[in-house]
Amino acid sequence: MLPVILVTGKNGQLGWELEQIVHAYAQQFRFHFTTRAELDLTQPDQVQSALDTIQPDYILNCAAYTAVDKAEQEQEAALKTNAHSVGEMAAWCERNGKQLISISTDYVFDGKGTAPYTVQHPTDPLNYYGYSKWLGEQLIKENHPKGIVVRTSWVYSTHGNNFVRTMLRLMKERNELNVVADQIGSPTYAADLAQALIQLVQGLQAGKKAQPVYHYSNSGVISWFDFATAIRDMAGLTCQVNPIPSSAYPTPAKRPGYSVMDCSDLVSDFGIQLKPWQKSLGTCIQQLQQTHV
Ligand SMILES: NC(=O)c1ccc[n+]([C@@H]2O[C@H](COP(=O)([O-])OP(=O)(O)OC[C@H]3O[C@@H](n4cnc5c(N)ncnc54)[C@H](OP(=O)(O)O)[C@@H]3O)[C@@H](O)[C@H]2O)c1
(Lines give C-alpha, C1' and ligand atoms only; values in the text may rest on other atoms or scores of the structure.)
Protein backbone atom coordinates (compact mmCIF):
# COMPACT_ATOMS: atom_id res chain seq x y z
CA MET A 1 0.00 0.00 0.00
CA LEU A 2 1.32 3.43 -0.92
CA PRO A 3 1.75 5.98 1.89
CA VAL A 4 -1.11 8.47 1.96
CA ILE A 5 -0.33 12.20 1.95
CA LEU A 6 -3.19 14.39 3.12
CA VAL A 7 -2.99 17.96 1.78
CA THR A 8 -5.31 20.42 3.53
CA GLY A 9 -6.32 23.67 1.82
CA LYS A 10 -6.94 22.16 -1.65
CA ASN A 11 -8.16 25.50 -3.04
CA GLY A 12 -5.47 27.72 -1.52
CA GLN A 13 -2.38 28.83 -3.44
CA LEU A 14 -0.10 26.13 -2.04
CA GLY A 15 -2.70 23.34 -2.01
CA TRP A 16 -3.59 24.13 -5.61
CA GLU A 17 0.06 24.10 -6.72
CA LEU A 18 0.55 20.74 -5.01
CA GLU A 19 -2.43 19.32 -6.84
CA GLN A 20 -0.86 20.39 -10.17
CA ILE A 21 2.26 18.27 -9.60
CA VAL A 22 1.19 15.16 -7.67
CA HIS A 23 0.49 13.04 -10.79
CA ALA A 24 4.29 12.80 -11.18
CA TYR A 25 4.50 11.00 -7.80
CA ALA A 26 1.56 8.61 -8.21
CA GLN A 27 3.92 5.59 -8.12
CA GLN A 28 5.21 6.63 -4.69
CA PHE A 29 2.30 8.17 -2.82
CA ARG A 30 -1.47 8.38 -2.74
CA PHE A 31 -2.72 11.94 -2.30
CA HIS A 32 -5.89 13.07 -0.55
CA PHE A 33 -6.78 16.78 -0.84
CA THR A 34 -9.32 18.28 1.54
CA THR A 35 -11.41 21.43 1.35
CA ARG A 36 -13.15 23.12 4.23
CA ALA A 37 -16.24 20.96 3.54
CA GLU A 38 -14.40 17.73 4.44
CA LEU A 39 -12.09 19.12 7.14
CA ASP A 40 -13.23 22.42 8.67
CA LEU A 41 -10.44 23.79 10.83
CA THR A 42 -12.77 26.15 12.68
CA GLN A 43 -14.03 22.93 14.35
CA PRO A 44 -10.94 21.62 16.18
CA ASP A 45 -13.00 19.01 18.07
CA GLN A 46 -13.86 17.33 14.73
CA VAL A 47 -10.31 17.18 13.37
CA GLN A 48 -9.27 13.86 14.95
CA SER A 49 -12.39 11.99 13.77
CA ALA A 50 -11.89 13.32 10.20
CA LEU A 51 -8.29 12.06 10.33
CA ASP A 52 -9.49 8.65 11.61
CA THR A 53 -11.53 8.42 8.40
CA ILE A 54 -8.78 9.63 6.00
CA GLN A 55 -5.94 7.70 7.73
CA PRO A 56 -3.03 9.75 6.34
CA ASP A 57 0.61 8.74 6.79
CA TYR A 58 1.74 12.33 6.23
CA ILE A 59 -0.22 15.55 6.63
CA LEU A 60 0.89 18.58 4.63
CA ASN A 61 -1.14 21.24 6.40
CA CYS A 62 -1.45 24.01 3.82
CA ALA A 63 -4.83 25.33 5.04
CA ALA A 64 -4.78 28.42 7.20
CA TYR A 65 -6.68 31.52 8.16
CA THR A 66 -4.55 33.90 6.03
CA ALA A 67 -6.54 37.18 6.08
CA VAL A 68 -3.87 39.08 8.03
CA ASP A 69 -5.83 42.31 8.62
CA LYS A 70 -9.18 40.61 9.28
CA ALA A 71 -7.53 38.37 11.89
CA GLU A 72 -7.18 41.40 14.17
CA GLN A 73 -11.01 41.29 14.49
CA GLU A 74 -11.78 37.60 13.79
CA GLN A 75 -9.40 36.35 16.45
CA GLU A 76 -11.36 33.23 17.34
CA ALA A 77 -11.51 31.94 13.74
CA ALA A 78 -7.77 32.61 13.31
CA LEU A 79 -6.94 30.86 16.57
CA LYS A 80 -9.08 27.79 15.90
CA THR A 81 -7.80 27.40 12.33
CA ASN A 82 -4.12 28.24 12.80
CA ALA A 83 -3.56 26.93 16.30
CA HIS A 84 -6.15 24.66 17.94
CA SER A 85 -6.87 22.52 14.88
CA VAL A 86 -3.14 22.26 14.18
CA GLY A 87 -2.69 21.04 17.76
CA GLU A 88 -5.37 18.38 17.12
CA MET A 89 -3.59 17.25 13.93
CA ALA A 90 -0.35 17.06 15.88
CA ALA A 91 -1.96 14.99 18.67
CA TRP A 92 -3.54 12.62 16.12
CA CYS A 93 -0.20 12.12 14.34
CA GLU A 94 1.60 11.43 17.62
CA ARG A 95 -1.04 8.93 18.77
CA ASN A 96 -0.98 7.10 15.43
CA GLY A 97 2.75 7.28 14.67
CA LYS A 98 2.22 9.53 11.63
CA GLN A 99 3.95 12.71 10.47
CA LEU A 100 2.63 16.27 10.46
CA ILE A 101 4.29 18.94 8.32
CA SER A 102 2.57 22.26 8.89
CA ILE A 103 3.24 25.49 7.03
CA SER A 104 3.96 28.60 9.07
CA THR A 105 5.08 32.14 8.42
CA ASP A 106 7.80 34.78 8.62
CA TYR A 107 5.21 36.76 10.65
CA VAL A 108 6.24 34.80 13.78
CA PHE A 109 9.25 37.17 13.90
CA ASP A 110 9.14 40.75 15.16
CA GLY A 111 10.56 42.23 11.95
CA LYS A 112 13.40 44.01 13.73
CA GLY A 113 16.15 41.70 12.43
CA THR A 114 19.01 42.89 10.25
CA ALA A 115 20.32 39.51 9.03
CA PRO A 116 18.35 36.46 7.78
CA TYR A 117 16.49 34.77 10.66
CA THR A 118 17.81 31.32 11.48
CA VAL A 119 15.37 28.67 12.74
CA GLN A 120 16.72 29.32 16.26
CA HIS A 121 16.01 33.06 16.14
CA PRO A 122 13.57 34.14 18.91
CA THR A 123 9.97 34.56 17.77
CA ASP A 124 7.77 37.52 18.76
CA PRO A 125 4.82 38.03 16.40
CA LEU A 126 3.66 41.59 15.70
CA ASN A 127 0.04 40.87 14.78
CA TYR A 128 -2.76 38.42 15.63
CA TYR A 129 -2.34 36.29 12.50
CA GLY A 130 1.35 35.89 13.43
CA TYR A 131 0.37 35.05 17.00
CA SER A 132 -2.13 32.39 15.87
CA LYS A 133 0.48 30.76 13.61
CA TRP A 134 3.07 30.95 16.40
CA LEU A 135 0.65 29.21 18.78
CA GLY A 136 0.11 26.50 16.15
CA GLU A 137 3.88 25.96 16.12
CA GLN A 138 3.94 25.67 19.95
CA LEU A 139 1.10 23.13 19.96
CA ILE A 140 2.98 21.01 17.42
CA LYS A 141 6.07 21.11 19.63
CA GLU A 142 4.02 20.09 22.71
CA ASN A 143 1.86 17.40 21.10
CA HIS A 144 4.08 15.88 18.41
CA PRO A 145 7.82 16.18 19.06
CA LYS A 146 8.75 14.89 15.59
CA GLY A 147 6.29 17.30 13.90
CA ILE A 148 7.81 19.64 11.34
CA VAL A 149 7.07 23.33 10.81
CA VAL A 150 8.02 24.90 7.46
CA ARG A 151 7.93 28.70 7.62
CA THR A 152 7.56 30.58 4.37
CA SER A 153 7.11 34.21 3.28
CA TRP A 154 5.49 36.44 0.63
CA VAL A 155 3.71 33.56 -1.15
CA TYR A 156 2.33 34.03 -4.67
CA SER A 157 1.01 31.78 -7.42
CA THR A 158 -0.85 31.90 -10.72
CA HIS A 159 -3.87 30.93 -8.59
CA GLY A 160 -5.64 32.81 -5.79
CA ASN A 161 -5.21 36.20 -4.20
CA ASN A 162 -1.66 37.46 -4.03
CA PHE A 163 0.58 40.48 -4.58
CA VAL A 164 1.65 39.51 -8.10
CA ARG A 165 -1.89 39.12 -9.42
CA THR A 166 -3.07 42.27 -7.60
CA MET A 167 -0.17 44.31 -9.02
CA LEU A 168 -0.80 43.07 -12.56
CA ARG A 169 -4.47 44.00 -12.30
CA LEU A 170 -3.83 47.46 -10.80
CA MET A 171 -0.99 48.22 -13.23
CA LYS A 172 -3.35 47.60 -16.14
CA GLU A 173 -6.03 49.86 -14.59
CA ARG A 174 -3.87 52.77 -13.39
CA ASN A 175 -1.03 55.00 -14.60
CA GLU A 176 0.61 55.25 -11.21
CA LEU A 177 0.86 53.13 -8.04
CA ASN A 178 2.40 53.64 -4.59
CA VAL A 179 4.13 50.62 -3.04
CA VAL A 180 5.89 50.34 0.33
CA ALA A 181 9.65 50.29 0.09
CA ASP A 182 10.64 49.79 3.75
CA GLN A 183 9.41 46.21 4.22
CA ILE A 184 12.14 43.78 3.20
CA GLY A 185 11.73 40.06 2.55
CA SER A 186 11.96 37.18 0.10
CA PRO A 187 9.09 36.13 -2.17
CA THR A 188 8.07 32.49 -2.52
CA TYR A 189 6.53 31.03 -5.66
CA ALA A 190 4.03 28.50 -4.27
CA ALA A 191 4.89 26.07 -7.10
CA ASP A 192 8.50 25.95 -5.85
CA LEU A 193 7.39 25.42 -2.25
CA ALA A 194 5.03 22.64 -3.39
CA GLN A 195 7.98 20.86 -5.06
CA ALA A 196 10.15 21.37 -1.98
CA LEU A 197 7.48 19.83 0.29
CA ILE A 198 7.27 16.71 -1.88
CA GLN A 199 11.07 16.44 -1.76
CA LEU A 200 10.91 16.78 2.03
CA VAL A 201 8.37 13.94 2.31
CA GLN A 202 10.43 11.80 -0.07
CA GLY A 203 13.45 12.37 2.18
CA LEU A 204 11.48 11.41 5.30
CA GLN A 205 10.11 8.35 3.56
CA ALA A 206 13.71 7.36 2.73
CA GLY A 207 14.57 7.59 6.45
CA LYS A 208 16.21 11.03 6.59
CA LYS A 209 15.98 12.77 9.96
CA ALA A 210 14.39 16.23 10.10
CA GLN A 211 14.74 19.21 12.40
CA PRO A 212 11.57 20.60 14.03
CA VAL A 213 11.60 23.86 12.03
CA TYR A 214 12.67 24.77 8.49
CA HIS A 215 12.50 27.97 6.47
CA TYR A 216 11.71 28.13 2.77
CA SER A 217 11.52 31.04 0.31
CA ASN A 218 13.03 31.84 -3.05
CA SER A 219 16.54 33.29 -2.80
CA GLY A 220 17.19 37.03 -2.87
CA VAL A 221 16.20 39.96 -0.69
CA ILE A 222 13.90 42.76 -1.89
CA SER A 223 11.27 45.30 -0.83
CA TRP A 224 7.64 45.23 -1.97
CA PHE A 225 8.55 48.23 -4.17
CA ASP A 226 11.39 46.24 -5.83
CA PHE A 227 8.96 43.35 -6.31
CA ALA A 228 6.32 45.60 -7.89
CA THR A 229 8.78 47.19 -10.34
CA ALA A 230 10.07 43.73 -11.36
CA ILE A 231 6.48 42.52 -11.91
CA ARG A 232 5.81 45.57 -14.09
CA ASP A 233 9.00 45.16 -16.14
CA MET A 234 8.62 41.39 -16.63
CA ALA A 235 4.99 41.81 -17.71
CA GLY A 236 5.96 44.57 -20.17
CA LEU A 237 3.72 47.16 -18.48
CA THR A 238 4.42 50.89 -18.13
CA CYS A 239 2.65 51.96 -14.92
CA GLN A 240 4.74 54.34 -12.78
CA VAL A 241 5.57 52.77 -9.39
CA ASN A 242 6.38 55.16 -6.52
CA PRO A 243 8.19 54.02 -3.35
CA ILE A 244 6.41 55.00 -0.12
CA PRO A 245 7.11 54.34 3.58
CA SER A 246 4.82 51.94 5.51
CA SER A 247 3.65 54.96 7.53
CA ALA A 248 1.93 56.24 4.37
CA TYR A 249 -0.03 52.96 3.99
CA PRO A 250 -1.53 52.17 7.40
CA THR A 251 -3.11 48.70 7.82
CA PRO A 252 -5.09 47.20 10.74
CA ALA A 253 -2.33 44.61 11.34
CA LYS A 254 1.31 45.70 11.76
CA ARG A 255 3.74 44.22 9.21
CA PRO A 256 7.35 43.25 9.99
CA GLY A 257 9.97 45.57 8.48
CA TYR A 258 12.49 42.79 7.95
CA SER A 259 11.36 39.23 7.35
CA VAL A 260 14.17 37.52 5.45
CA MET A 261 14.72 33.92 6.57
CA ASP A 262 17.84 31.77 6.40
CA CYS A 263 16.70 28.71 4.38
CA SER A 264 20.02 26.88 4.39
CA ASP A 265 18.88 23.95 6.61
CA LEU A 266 16.46 22.58 3.99
CA VAL A 267 19.26 22.78 1.45
CA SER A 268 21.79 20.95 3.66
CA ASP A 269 19.39 18.36 5.18
CA PHE A 270 17.22 17.52 2.14
CA GLY A 271 19.16 18.80 -0.89
CA ILE A 272 16.36 21.22 -1.73
CA GLN A 273 17.58 23.96 -4.06
CA LEU A 274 16.33 27.53 -3.72
CA LYS A 275 15.49 29.23 -7.00
CA PRO A 276 16.29 32.95 -7.37
CA TRP A 277 13.12 35.03 -6.97
CA GLN A 278 13.56 36.63 -10.41
CA LYS A 279 13.54 33.25 -12.17
CA SER A 280 10.40 32.06 -10.38
CA LEU A 281 8.59 35.36 -10.85
CA GLY A 282 9.38 35.13 -14.58
CA THR A 283 7.90 31.62 -14.72
CA CYS A 284 4.73 32.72 -12.92
CA ILE A 285 4.20 35.78 -15.12
CA GLN A 286 4.80 33.73 -18.27
CA GLN A 287 2.19 31.20 -17.12
CA LEU A 288 -0.29 33.95 -16.29
CA GLN A 289 0.21 35.51 -19.71
CA GLN A 290 -0.27 32.14 -21.44
CA THR A 291 -3.50 31.48 -19.60
CA HIS A 292 -4.72 35.15 -19.83
CA VAL A 293 -5.64 35.09 -16.12
N1 LIG B 1 0.14 33.86 1.45
C2 LIG B 1 1.26 34.28 2.02
O3 LIG B 1 1.84 35.30 1.65
C4 LIG B 1 1.90 33.47 3.13
C5 LIG B 1 3.06 33.96 3.74
C6 LIG B 1 3.64 33.21 4.76
C7 LIG B 1 3.10 32.00 5.14
N8 LIG B 1 1.96 31.56 4.53
C9 LIG B 1 1.41 30.28 4.96
O10 LIG B 1 1.48 29.39 3.87
C11 LIG B 1 0.40 28.45 3.92
C12 LIG B 1 -0.32 28.42 2.60
O13 LIG B 1 -0.83 29.72 2.36
P14 LIG B 1 -1.62 30.08 1.02
O15 LIG B 1 -1.06 31.37 0.55
O16 LIG B 1 -1.69 28.90 0.13
O17 LIG B 1 -3.05 30.39 1.66
P18 LIG B 1 -4.43 30.70 0.90
O19 LIG B 1 -4.22 30.82 -0.56
O20 LIG B 1 -5.06 31.83 1.65
O21 LIG B 1 -5.25 29.38 1.16
C22 LIG B 1 -5.65 29.03 2.44
C23 LIG B 1 -6.43 27.75 2.35
O24 LIG B 1 -6.87 27.42 3.66
C25 LIG B 1 -8.25 27.06 3.59
N26 LIG B 1 -8.91 27.37 4.85
C27 LIG B 1 -9.05 28.56 5.45
N28 LIG B 1 -9.80 28.42 6.57
C29 LIG B 1 -10.10 27.10 6.65
C30 LIG B 1 -10.85 26.32 7.57
N31 LIG B 1 -11.42 26.87 8.63
N32 LIG B 1 -10.97 25.00 7.34
C33 LIG B 1 -10.39 24.42 6.27
N34 LIG B 1 -9.69 25.10 5.35
C35 LIG B 1 -9.55 26.42 5.54
C36 LIG B 1 -8.81 27.94 2.47
O37 LIG B 1 -10.02 27.38 2.07
P38 LIG B 1 -11.07 28.20 1.18
O39 LIG B 1 -10.51 28.18 -0.20
O40 LIG B 1 -12.32 27.43 1.35
O41 LIG B 1 -11.12 29.58 1.79
C42 LIG B 1 -7.69 27.84 1.46
O43 LIG B 1 -7.80 26.64 0.73
C44 LIG B 1 -0.46 28.88 5.12
O45 LIG B 1 -0.07 28.15 6.24
C46 LIG B 1 -0.07 30.33 5.34
O47 LIG B 1 -0.26 30.73 6.69
C48 LIG B 1 1.35 32.25 3.53
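> Hey, could you run me through the sheet that holds strand 4 (residues 99–105) in this one?
Note on sheets: strands pair through backbone hydrogen bonds, and any given pair is parallel or antiparallel. Read from one edge to the other, the open sheet built from 6 strands follows the order 2-1-3-4-5-10, with strand pairing classed as parallel. Sheet topology places strand 2 (30–34) and strand 10 (213–216) at the edges, where each strand pairs with a single neighbour. Across this sheet, the average inter-strand angle for adjacent strands is 20 degrees, counted without regard to direction. Summarising the sheet, strand 1 (residues 4–8) and strand 2 pair through 5 bridges and their orientation is parallel. Of the residues in strand 2, the one forming a bridge with I5 is F31. This element, helix 6 (residues 190–205), spans strand 1, strand 2, strand 3 (58–61), strand 4, strand 5 (148–152) and strand 10 of the sheet and lies at about 150 degrees to strand 4.

> Please clarify how the site of the ligand should be interpreted in this entry.
In the neighbourhood of the ligand, 25 residues make up the surrounding shell, with R36, L41, T66, Y129 and K133 lying closest. A distance of 3.2 Å separates an oxygen atom of the ligand from a polar atom in the backbone of I103. Within the backbone of V155, an N or O atom sits 3.0 Å from an oxygen atom of the ligand. Within the complex, the protein chains bury 81% of what would otherwise be the 900 Å² of accessible surface of the ligand. Listing elements by their share of the shell around the ligand, those giving two or more residues are helix 1 (13–21), strand 4 and helix 4 (128–143).

> What exactly am I supposed to notice about the pairing of strand 1 here?
For a regular strand, the rule is simple: side chains alternate between the two faces of the sheet. Most of strand 1 sits inside the fold, with 5 of its 5 residues counted as buried. Between the parallel elements strand 1 and strand 2, the chain passes through helix 1 in a crossover that is right-handed. Relative to strand 3, strand 1 runs parallel, the two being bridged by 4 bridges. When the bridges of strand 3 are listed, I5 appears paired with Y58.

> When you look at the nonpolar core in this model, what are you seeing that I'm missing?
A general tendency of soluble globular proteins is for nonpolar side chains to be buried together. Counting 30 residues, the largest nonpolar core has L18, F31, L60, I101, V150, L197 and L200 as its most contacted members. Looking at this core, the element that brings in the most residues is helix 6, giving 8 residues. The residues contacting L200, other than those within four sequence positions of it, are I101, V150, L266, F270 and I272. Residues F163, I222, F227 and L281 belong to the second largest nonpolar core, which totals 29 residues.

Cut-offs used in this document
- Residues numbered from 1 in each chain as written.
- Predicted model: local features only at pLDDT ≥ 70, side-chain atom pairs only at ≥ 80, totals over all residues.
- Heavy atoms only, no water.
- Pairing = 2+ DSSP bridges.
- Helix = DSSP H or I, 4+ residues; strand = E, 2+ residues; numbered from the N terminus.
- Axes fitted to C-alpha atoms, helices over the stretch in contact; angles between N-to-C directions.
- Contact = heavy atoms within 4.5 Å.
- Near = heavy atom within 4 Å.
- Polar contact = N/O pair within 3.5 Å; in protein donor to acceptor, adjacent residues only side chain to side chain.
- Areas by Shrake-Rupley, 256 points an atom, 1.4 Å probe, with all protein chains shown as cover.
- Buried < 20%, exposed > 50% of the residue type's maximum accessible area, 1.4 Å probe, protein only.
- Right-handed = clockwise from strand over helix to strand, strands pointing away.
- Core = buried A, V, L, I, M, F, W, Y, C linked by side-chain atoms within 4.5 Å.

Everything listed is a geometric property; what it means functionally is a separate question.
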